[in-house]
Amino acid sequence: MDLISLTLNRVLEFIKNPVCSRDKEMSLRDKGLMMFIILGLSFTINFVFVFLIGALEQFGLFSMEDHAINQMFDEFSPLIIMFLAIIIAPIFEELIFRAPITLFCKYKNVFRWVYYGLALAFGYVHITNYDMTTNVLLFSPILVAPQIILGLFLGLIRVQLGLLYAMIFHAVYNAILVIPGVTLLYFSESMPEKVESSTAVWTSYLYFYF
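Please read all numbers here as calculations on a predicted model, not as lab measurements.

**Focus: the side chain of His 170**
Tracing the backbone through its elements, the reader meets His 170 in helix α9 (residues 163-187). Under the relative-accessibility criterion, His 170 is labelled buried at 2%. The residues contacting His 170, other than those within four sequence positions of it, are Pro 90, Glu 93, Glu 94, Arg 98, Phe 122 and Leu 154.

This is the structure:
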């Protein structure tokens with residue numbers, strides 16, 4: 001419990017006041033536990049946004065029918081989707097949105113805004129997954145909130161643990177969503193109605209997290 005509290009405080013303090021520093025004496029075990037706790041925190045927070053975004057769709061404010069994930073399922077096989085989401089995306093997205101952060105470590109005032117700015121940029125890149133409408137733009141802060149939050153956590157991991165750890169975290173995060181989601185969707189046509197409802201729920205996670 002002490003480690004959980006310590007990690008949560010560490011995360012909160014960093015997000016409130018990002019400082020470019022790394023604990024070089026942290027053991028591999030402690031790094032793994034820290035990432036595990038942040039992973040749980042990320043899903044817990046973003047779980048709220050899943051329902052909030054789902055409510056917006058239910059009110060007819062936007063539609064998921066033209067979401068980019070639907071196009072992916074039409075164009076690629078499940079294995080290709082998993083490969084892109086779990087291997088390719090974490091590598092390239094971390095190189096683009098997290099690798100540059102430490103270039104600004106010498107400039108404390110600039111570092112803070114680079115950290116926040118890259119998290120926002122990472123989030124808003126994902127708005128292109130939606131069919132652009134006035135409502136999508138209006139509610140975009142909510143629609144991309146899961147990715148912005150993930151970007152803040154990944155930025156912390158990149159600074160305090162290293163770029164490789166950020167890539168690993170990102171890959172694990174995507175794998176938790178993609179492997180069950182893609183598997184369920186792939187076999188959903190032959191599933192009974194009760195199981196299909198569970199598939200629909202998991203699909204909503206894929207929509208709102210990507």
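**Observations regarding the nonpolar core**
Ranked by size, the top nonpolar core spans 43 residues in total, and within it Ile 38, Phe 62, Leu 156, Ile 157 and Phe 169 carry the most contacts. Listed by contribution, the elements that provide at least two residues to this core are α1 (2-16), α2 (28-58), α5 (108-125), α8 (145-160) and α9. In terms of residues, this core owes the most to one element, α8, which gives 10 residues. If we ignore the near neighbours within four places in the chain, the residues touching Phe 62 are Ile 53, Leu 56, Glu 57, Tyr 130, Val 136 and Leu 143. Listed in part, the 8 residues of the second largest apolar core include Met 82, Ala 85, Ile 86 and Ala 171.

**Comments concerning the pattern of salt bridges**
For the structure shown, the criterion picks out 3 salt bridges. Its salt-bridge partner being Lys 16, residue Glu 13 comes within 3.7 Å of it at the nearest N-O pair. Highlighted residues: Glu 13 and Lys 16, both in helix α1, separated by 3 residues, approximately one helical turn. For Arg 98, the salt bridge goes to Glu 94, with nearest N and O atoms at 2.7 Å. For Arg 98, a relative accessible area of 1% gives the class buried. Residue classification places Glu 94 among the buried residues on the basis of a relative accessible area of 0%.

Rules of the game
Residues numbered from 1 in each chain as written. Predicted model: local features only at pLDDT ≥ 70, side-chain atom pairs only at ≥ 80, totals over all residues. Heavy atoms only, no water. Helix = DSSP H or I, 4+ residues; strand = E, 2+ residues; numbered from the N terminus. Buried < 20%, exposed > 50% of the residue type's maximum accessible area, 1.4 Å probe, protein only. Contact = heavy atoms within 4.5 Å. Core = buried A, V, L, I, M, F, W, Y, C linked by side-chain atoms within 4.5 Å. Salt bridge = Lys/Arg side-chain N within 4 Å of Asp/Glu carboxyl O.

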